[in-house]
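Chain and residue survey
For reference, the chains in residue letters:
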Amino acid sequence: MRISRIETFLVPPRWLFVRVETDRGIVGWGEPVVEGRSETVRTAVEQLSELLIGADPLRIEDHWQVMTKGSFYRGGAILASAVAGLDQALWDIAGKSLGVPVHQLLGGHVRDRIRMYGWVGGDEPAEVADSISAQLEVGLTAVKMNASGRMSPLGSVAEIDAVVERVAAAREVLGPHRDVAVDFHGRFTLANTRRVAPLLEPLHPFFLEEPTVPENSHLIGGLTSSTSIPIATGERLYNRQEFLPVLQAGIAVAQPDLSHAGGITEVRKIASLAEVYDVQLAPHCPLGPLALAACLQVGFATTNFLIQEQSIGIHYNQGAEVLDYVLDKTPLKFVDGHVERLTGPGLGIEIDEAAVRRADKSGHAWRSPVWRHDDGSYAEW
Ligand SMILES: [Mg+2]
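Calculation criteria
Residues numbered from 1 in each chain as written. Predicted model: local features only at pLDDT ≥ 70, side-chain atom pairs only at ≥ 80, totals over all residues. Heavy atoms only, no water. Donors = N, O, S within 2.8 Å, 3.2 Å for Na, K, Ca; no water. Helix = DSSP H or I, 4+ residues; strand = E, 2+ residues; numbered from the N terminus. Buried < 20%, exposed > 50% of the residue type's maximum accessible area, 1.4 Å probe, protein only. Core = buried A, V, L, I, M, F, W, Y, C linked by side-chain atoms within 4.5 Å. Domains from an automatic or database assignment. Contact = heavy atoms within 4.5 Å. Pairing = 2+ DSSP bridges. Axes fitted to C-alpha atoms, helices over the stretch in contact; angles between N-to-C directions. Buried area = accessible area lost by both parts, 1.4 Å probe. Salt bridge = Lys/Arg side-chain N within 4 Å of Asp/Glu carboxyl O. Polar contact = N/O pair within 3.5 Å; in protein donor to acceptor, adjacent residues only side chain to side chain. Nonpolar A, V, L, I, M, F, W, Y, C, P; charged D, E, K, R; others polar.

Describing the coordination of the magnesium ion
At 1.9 to 2.4 Å from the magnesium ion lie its protein donor atoms, namely Asp-183 (OD), Glu-209 (OE) and Glu-235 (OE). Coordination of the magnesium ion draws on donor residues from a single chain, spaced D-x25-E-x25-E in sequence. Placement of the pair is Asp-183 in strand 6 (residues 179-183) and Glu-235 in the loop between strand 8 (231-233) and helix 9 (240-248), with a sequence separation of 52 residues. The same class applies to Asp-183 as to Glu-235, namely buried.

Details of the nonpolar core
In terms of nonpolar packing, the biggest core is built from 105 residues, with Phe-17, Leu-86, Leu-200, Ile-264, Leu-296 and Tyr-325 touching the most fellow members. Here this core gets 10 residues from one element, more than from any other, and that element is helix 11 (residues 289-301). Domain assignment of the residues forming this core places at least three in each of domain 1 (3-101) and domain 2 (104-345). Look past the residues within four positions of Leu-200 in its chain and what remains in contact with it is Val-164, Val-167, Val-182, Phe-184, Pro-205 and Ile-229. Membership of the second largest hydrophobic core comes to 8 residues, among which are Ala-142, Ala-181, Phe-207 and Val-253.

Some words on the sheet that holds strand 3 (residues 27-30)
With antiparallel pairing, 3 strands are arranged side by side in an open sheet as 1-2-3. Looking at strand neighbours, the two that pair on one side only are strand 1 (3-11) and strand 3, the edges of this open sheet. Averaged over all adjacent pairs, the angle separating strand axes in this sheet is 20°, with direction ignored. Pairing between strand 1 and strand 2 (residues 15-22): 8 bridges, direction antiparallel. Across the sheet, Ile-3 pairs through a bridge with Thr-22, a residue of strand 2. Against the sheet, helix 3 (residues 77-98) touches strand 1, strand 2 and strand 3, its axis set at about 145° to strand 3.

Some words on the domain arrangement of the chain
Interfaces are often sized by the amount of accessible area the parts lose when they come together. Each assigned domain of the chain is listed with its residue range as follows: domain 1 (3-101) and domain 2 (104-345). If you average the C-alpha positions of domain 1 and of domain 2, the two centres end up 25 Å apart. Contacts between domain 1 and domain 2 engage 33 residues on the former and 34 residues on the latter. In total, about 2600 Å² of surface goes out of reach between domain 1 and domain 2, with carbon and sulfur atoms giving 63% of it. Applying the counting rule to domain 1 against domain 2 returns 1 salt bridge. Linking domain 1 with domain 2 are 19 residue pairs in polar contact (both at pLDDT 80 or more). In terms of residue count, helix 3 provides more of the side of domain 1 that touches domain 2 than any other element does, 13 residues in total. The residue makeup of the side of domain 1 that touches domain 2, split by class, is 19 nonpolar, 7 polar and 7 charged.

This is the structure in structure tokens:
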């Protein structure tokens, strides 16, 4: 079997899909994307395709090595995400060629269902409560929320109170048997995190995410030792080497993104490394159906897997939804807050190719917002 054609599709709301075709008629799909940089990743995928056309798609590890290291210069979000989407497609082809789901190729399933969580928004505590109620209605038992909007470097009493009130409102709706994770989104300075984390401890957040920007990972050890809240990070870390320092610093939850951190091949290795540090895997996934399916395939085969993020109904999904590009929506249906084991071949979902080709004609130009503080200076989003 040889790879004969590789195409990319820029589809709303903010995703990029890749379709890898073989001379045997087996087609694999993946999602190589950096939110806000889809066109740049598309170009990287096109360049990497030169390495794959004519090659045996089943030599996934070798392709990963060559794609990741073969241009001498390596690393970073763009390249690791381009590799990630192609890697997902190669695993999809491998599963389809053998008629088995990817998790079977990773050693078989270690669980029957995966717990899912959803996003809740809202600026006021009352809106948070309404938004959580909507997620409970679809059956979820865990949610995640941004703790704040724009945050001053040293938060005022009002800013800090607002964070605590929001999480308290969530806890009140959820009660003691359901979970709320809190995402600081890199918006908090170390000083803010130090001040706020102890105030959140009585509310028992499931985990506290990105308490500092990734380039300040060297500070994370001071936080993990100063709070009882499990610290999570990793959506902006792209390989094992970048995860190692935060694992050594005592995080509790590793959050590689299957579309950013080198795909199934590398995230499986990150999970193995995390296991050595007694750290649970909770892959980042505010993305589309292929990224989500790749997360789930890893989850079904990985012992130290905690929970899966998904973005059905997230506020970014303007113009298209996660399930719009999937023919049979039942594999991704929630049952008691879980997704049952995917049993279809490859990634376990069937892409609606006609819908994807149609969507690519309009494309998208999604960009991350740029925020500013009151004095006009740059603020973390
Ligand atoms: Mg996050």
